[in-house]
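Letter by letter, the chains look like this.
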Amino acid sequence: MASLLKNYLCFVIVIFFSFKCSFCLLDTPCSPLIVKSGYIVCVCNATYCDTFPSADPVSKGNYVVFTTSQSGLRANKQILPISKSSKTTTVYHIKLNETRQSILGFGGAFTDAAGINIAKLPAAAQTKLINSYYSKDGLEYTIGRVPIASCDFSTRAYSYDDVPGDFNLSQFTLAPEDFKYKIPFIRSALSVTSRPIKFFASPWSAPAWMKTEHNMTGQGTLIGQPGGPYYKAWATYFIKFLEEYEKNNISFWGITAQNEPTDGLMAKFPFQSLGFTPEMQRDFIKLDLGPALQNSSYKNTNLMILDDQKLFVVTWMKTVLSDPEASKYISGVAVHWYVDGVLPSDIMTLAHNLYPDKFLFGTEACEGSMPWQMKVDLGAWDRAVSYARDIIIDLNNWVTGWTDWNLALDLTGGPNWVSNYVDSPIIVNYEKNEFYKQPMYYILGHFSKYVVSDSIGLNVNSPAHKPLVEITAFLRPDKSVVVVILNLGYQPETIELTDDVTGYIPLTIPGNSIQTVVWWLS
């Protein structure tokens, strides 16, 4: 009885905060499912799904704030007045003249697993799920990652050319999975977006016949040396992929040279991989991949190196980018988040300072990946906080964007052909023809929806006595300022923001919550 009463009270709180006042402007509010105390997801199906509010310009002298909290607020919108004078000593100064990087965007990955799960929903629910990420009603993602052939989040290991010795790749062909689980949903995203989407592609493994171990899994590199026939064939494989997707009206803004190249250097690695040392990747790009792109119609495709843990970023950049013949083909450096907890927070600033002309970009992250973690933990606020902290740290250290992993998984965290299950911001329950938006989903929206592409990072002077408050700020192309604030504590925090031009923006940030604040300079 006590448990039932607690759940009822939590439900009442959620509904109260969704509807409590006229200035809470959610167009369609969350339909909450209380998994357990403090664990809330929003339920969507073919007929109902909540929407994510936009930051439309407000009248001069006002600002808009969006709040998501562990207690049940989901992107709740308020329009409030700017103060002419300060009423607290806790003032965060947004430095309009101290700028950093330009933002590329935020997004997720169109894996086979994501497509399989979305395809199991009724057609109307499929549309609502894609809308939830890419439309004006959703997070308005501007990034999409696409695996080149199979990865662990496929149901089998496959390549696009399994004919040994086919160095000209005359037998290259896309797989059934591309036509069933990737291309249809990429097209759906393109059909609903109001913002340009930057798609980038990443390979997990070359065909087995190109590799030293003749297997798509485990330890293995390409046969021979960079500049040799196997490396040339592998470079051609990238071009063939881009051509085949272009035939399906899908163009790519970028590619990474290899997903997690250090995986293929590990004995008995369990799923698709291809090993590269920094020196091997440097020479492959210099002798094979770079020229192949340059001599094709895809010479303007952004090529990114590494696509692996930040642990390797400094060594990799020094080795690859110090070679001018390799560097001239490279636009940026791609990083994953999985060991960020043991790295200094400024490692990406160190990387930026080495080669400031190359952009830094987060290309993969997910929760539930560690052996000791639950794979899917429905409604877990701590996983949302983990996302928010990592994004804020990245953005404050010159990273230009952040890409989540699978767009949607099932209740087990799959499918995954090697049982490498993880969590996702959206979980599909196909037996009930519905899907669940987790706190991670709303956290991502606090960045993707409001920190739009081409926003410029701004420095913030923060009071030293607020260790539980984390903050990042940007100047948007429409001359508005956007600030994202995470309260890690249980208690509310009262602060003010100022840019020394607008006035003072008073905020009360609930405990265990995130807020995004937007105001216009003119």
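Keep in mind that what you see is a predicted model, and the values were worked out from it rather than measured.

Asker: Would you mind going over the overall build of the chain with me for this structure?
Answerer: A count of helical and extended segments in the chain gives 11 helices and 22 strands. Taking 2.2 N^0.38 as the reference for a compact globule, 522 residues should give roughly 24 Å; the C-alpha atoms of the chain span a radius of gyration of 23 Å, in line with that estimate. Dimensions of the chain, computed from C-alpha atoms along their principal axes, come out at roughly 70 × 55 × 40 Å. Long-range pairs, those at least 24 residues apart, make up 72% of the contacts in the chain between residues at least 6 apart in sequence. Per element, the accessible surface of the chain, about 19400 Å² overall, is 54% carbon and sulfur. Averaging the locations of the 41 positively and 47 negatively charged side chains of the chain gives two centres separated by 5 Å.

Asker: Could you clarify how one ought to interpret the side chain of Ser453 in this entry?
Answerer: Note on placement: Ser453 falls in the loop between helix H11 (439–448) and strand S17 (456–461). Owing to a relative accessible area of 18%, Ser453 belongs among the buried residues under this scheme.

Asker: Explanation requested: the pairing of strand S20 (residues 493–498) in the structure shown.
Answerer: Every regular strand shows the same layout, with side chains that alternate between the two sheet faces. Burial analysis of S20 places five of its six residues in the buried class, the great majority of the element. Two elements, strand S5 (residues 91–102) and S20, share three bridges in a ladder whose sense is parallel. Bridge assignment links Val91 to a residue of S20, and that residue is Glu496. Pairing of S20 with strand S21 (residues 505–509) involves five bridges; the strand directions are antiparallel. Counterpart to Thr494 in the pairing with S21 is Thr508. Linkage of S20 to S21, two consecutive antiparallel strands, is achieved through a turn of six residues, within which Asp500 is found at a positive phi near 65°.

Asker: What is the right way to read the state of the cysteines from this model?
Answerer: Linking two cysteines covalently via their sulfur atoms produces the bond known as a disulfide. For the structure shown, the criterion picks out two disulfides. Covalent S-S linkage joins Cys30 and Cys42, the inter-sulfur distance amounting to 2.1 Å. Residues Cys30 and Cys42 share a disulfide whose torsion about the S-S bond is about -105°; that sign makes it left-handed. In this pair, Cys30 is assigned in the loop between helix H1 (2–19) and strand S1 (32–36) and Cys42 in strand S2 (residues 39–44), connecting sequence segments 12 residues apart. The pair formed by Cys30 and Cys42 is uniform in burial state, with each residue classed as buried. Disulfide pairing is shown between Cys44 and Cys49; the S-S distance is 2.1 Å. The sign of the S-S torsion, about 70°, decides the handedness of the disulfide formed by Cys44 and Cys49: right-handed. Here Cys44 matches Cys49 in class, with each residue buried. Cys151 forms no disulfide, and the closest cysteine sulfur to it belongs to Cys366, at a distance of 11 Å.

Asker: In this structure, what is going on with the sheet that holds strand S12 (residues 359–364)? I would like to understand it.
Answerer: Here we have eight strands rolled up into a closed barrel, ordered S6-S7-S8-S9-S10-S11-S12-S13, and parallel in their pairing. Direction aside, neighbouring strands of the sheet carry axes that sit 25° apart on average. Bridge count for strand S11 (residues 332–336) against S12 is five bridges, and the pairing is parallel. When the sheet's bridge partners are listed, His336 is paired in S12 with Glu364. Each of strand S10 (302–309), S11 and S12 is contacted by helix H7 (residues 313–321), which is oriented at about 145° to S10, the strand it contacts most.

Asker: Just to check I follow, could you spell out the UniProt feature "domain: Glycosyl hydrolase family 30 TIM-barrel" (unreviewed entry) in the chain for this structure?
Answerer: The feature "domain: Glycosyl hydrolase family 30 TIM-barrel" (unreviewed entry), as annotated in UniProt, sits at residues 103–451 in this numbering. Secondary structure across residues 103–451 divides into 34% helix and 16% strand, with the first and last C-alpha atoms of the span separated by 8 Å.

Asker: In this structure, what is going on with the sheet that holds S1? I would like to understand it.
Answerer: To summarise the sheet geometry, strands pair through backbone hydrogen bonds and adopt either a parallel or an antiparallel arrangement. Read from one edge to the other, the open sheet built from five strands follows the order S1-S2-S16-S15-S14, with strand pairing classed as mixed. Both outer strands of the open sheet, S1 and strand S14 (409–410), are each paired with one neighbouring strand and no more. Relative to S2, S1 runs antiparallel, the two being bridged by four bridges. Bridge pairing in S2 links Leu33 to Val41. Contacts between helix H3 (residues 123–134) and the sheet are confined to strand S15 (426–429) and strand S16 (434–437), with S16 contributing the most and set at about 20° to the helix. Along the sheet, H11 makes contact with S2, S15 and S16, crossing S16 at roughly 60°.

Asker: I would appreciate a short explanation of the packing of aromatic side chains in the present structure.
Answerer: How two aromatic rings sit relative to each other is set out by the distance from centre to centre and by the angle between their planes. The tally for this structure, following the rule as stated, stands at 35 aromatic pairs. A ring pair is formed by Tyr441 and Tyr442, whose centres lie 4.9 Å apart and whose planes are at 85°; its orientation type is edge-to-face. Of the two residues, Tyr441 and Tyr442, neither departs from the other in class, the shared state being buried. Connected via pairs of aromatic rings, a cluster forms that spans Tyr160, Phe172, Tyr231, Trp234, Tyr237, Phe238, Phe241, Tyr245, Phe252, Phe276 and Phe284. Above the plane of the ring of Tyr39 lies Lys36, whose end atom (NZ or CZ) is 4.4 Å from the centre. The cationic tip of Arg74 hangs over the ring face of Tyr442; the distance from NZ or CZ to the ring centre is 5.5 Å.

Criteria and thresholds
Residues numbered from 1 in each chain as written. Predicted model: local features only at pLDDT ≥ 70, side-chain atom pairs only at ≥ 80, totals over all residues. Heavy atoms only, no water. Helix = DSSP H or I, 4+ residues; strand = E, 2+ residues; numbered from the N terminus. Rg over C-alpha atoms; globule rule 2.2 N^0.38 Å. Contact = heavy atoms within 4.5 Å. Areas by Shrake-Rupley, 256 points an atom, 1.4 Å probe, with all protein chains shown as cover. Lys, Arg positive; Asp, Glu negative; His and termini not counted. Charge placed at Lys NZ, Arg CZ, Asp CG, Glu CD. Buried < 20%, exposed > 50% of the residue type's maximum accessible area, 1.4 Å probe, protein only. Pairing = 2+ DSSP bridges. Disulfide = S-S within 2.5 Å. Axes fitted to C-alpha atoms, helices over the stretch in contact; angles between N-to-C directions. UniProt positions renumbered as here; feature names shortened; annotations may be inferred. Phe/Tyr/Trp six-rings, centres within 6.5 Å; stacked < 30°, edge-to-face > 60°. Lys NZ or Arg CZ within 6 Å of the ring centre and 35° of its normal.

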